[in-house]
Amino acid sequence: MTIAVLFYTAATVLMVGALMVLVHAIQKSLAWGMGMVILPVLYPIYSWRHWSESQPRNGFLVSVAGALLIVVSLYGGAANFLPFDDVRKLAEKIPTATPDTVTLPNAEAAAQIRLAQ
């Protein structure tokens, strides 16, 4: 259950960072703000162009941290606790490695690893 909390917290962090950048863009120019709402690809472009100012830089970095936490939570199994079927299907495509599924080039090394477990 804590993984699901991590997922929702990460999504909130990502949205807060995006809002920080969006508010700064609207304060600078309504065209930038509306452009970012209509074309999300402008979000990193605006952040890069205004990197010297702290609000867009911090907002972008907060969003990146939120996105990374979402990936970590999905890798950790958050999809099993979330009510979204699409997220579950996406998480099933993430490869996981176990000692039985990894093929080692050296058969002796593989036997030693299995004995050590």
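Note that this is a predicted model, so its numbers are computed, not measured.

## Examining the environment of Tyr8
Thought 1: By the secondary structure assignment, Tyr8 is in helix α1 (residues 2–28).
Thought 2: Spatially, the C-alpha atoms of Tyr8 and Gly66 are 9.8 Å apart, while their sequence positions differ by 58 residues.

## Some details on the packing of α1 against helix α2 (residues 30–38)
Thought 1: α2 packs onto α1 with a crossing angle of 145° between their chain directions and a minimal axis gap of 5 Å. Of the residues in α2, those in contact with Val21, Leu22, Ala25 and Ile26 of α1 are Leu30, Trp32, Gly33, Met36 and Val37.
Thought 2: Residue classes in the contact of α1 with α2 are distributed as eight nonpolar, one polar and no charged.

## Here's the deal with the side chain of His50
Thought 1: The residue His50 is located in the loop between α3 (42–49) and α4 (54–75) in this model.
Thought 2: Among all residues touching His50, those that are not within four sequence positions of it are Trp32 and Pro56.

## With respect to α2
Thought 1: Of all the residues in α2, the buried ones are Gly33, Gly35 and Met36. Considered in projection along α2, the buried side chains sweep an arc of 165° and stay on one side of the axis. Those residues of α2 that are exposed and angled more than 90 degrees off the buried face are Leu30, Ala31, Val37 and Ile38.
Thought 2: Its buried side turned inward, α2 meets α1 and α3.

The rules behind the values
Residue numbers restart at each chain and count upward from 1, following the sequence in its written direction. With pLDDT at 70 or above as the cut-off, local features in this predicted model cover only qualifying residues; side-chain atom pairs require 80 or more to be listed or tallied, and sums for whole chains, interfaces and linings still use all residues. Based on all heavy atoms of the structure, the side-chain values leave hydrogens and waters out of the count. Counting from the N terminus, the helices are DSSP H or I runs at least four residues long and the strands are E runs at least two residues long. Only the stretch in contact is used when fitting a helix axis, every axis being a line fitted to C-alpha atoms; angles between N-to-C directions are given from 0 to 180 degrees. We call two residues in contact whenever any of their non-hydrogen atoms come within 4.5 Å of each other. Under this grouping Gly is polar, as are all residues other than the nonpolar Ala, Val, Leu, Ile, Met, Phe, Trp, Tyr, Cys and Pro and the charged Asp, Glu, Lys and Arg. Think of it in three bands: with a 1.4 Å probe and only protein chains considered, a residue is buried below 20% of the maximum accessible area for its type, exposed above 50%, and partly exposed in between. In this description, the arc belongs to the directions extending from the helix axis to the C-beta atoms.

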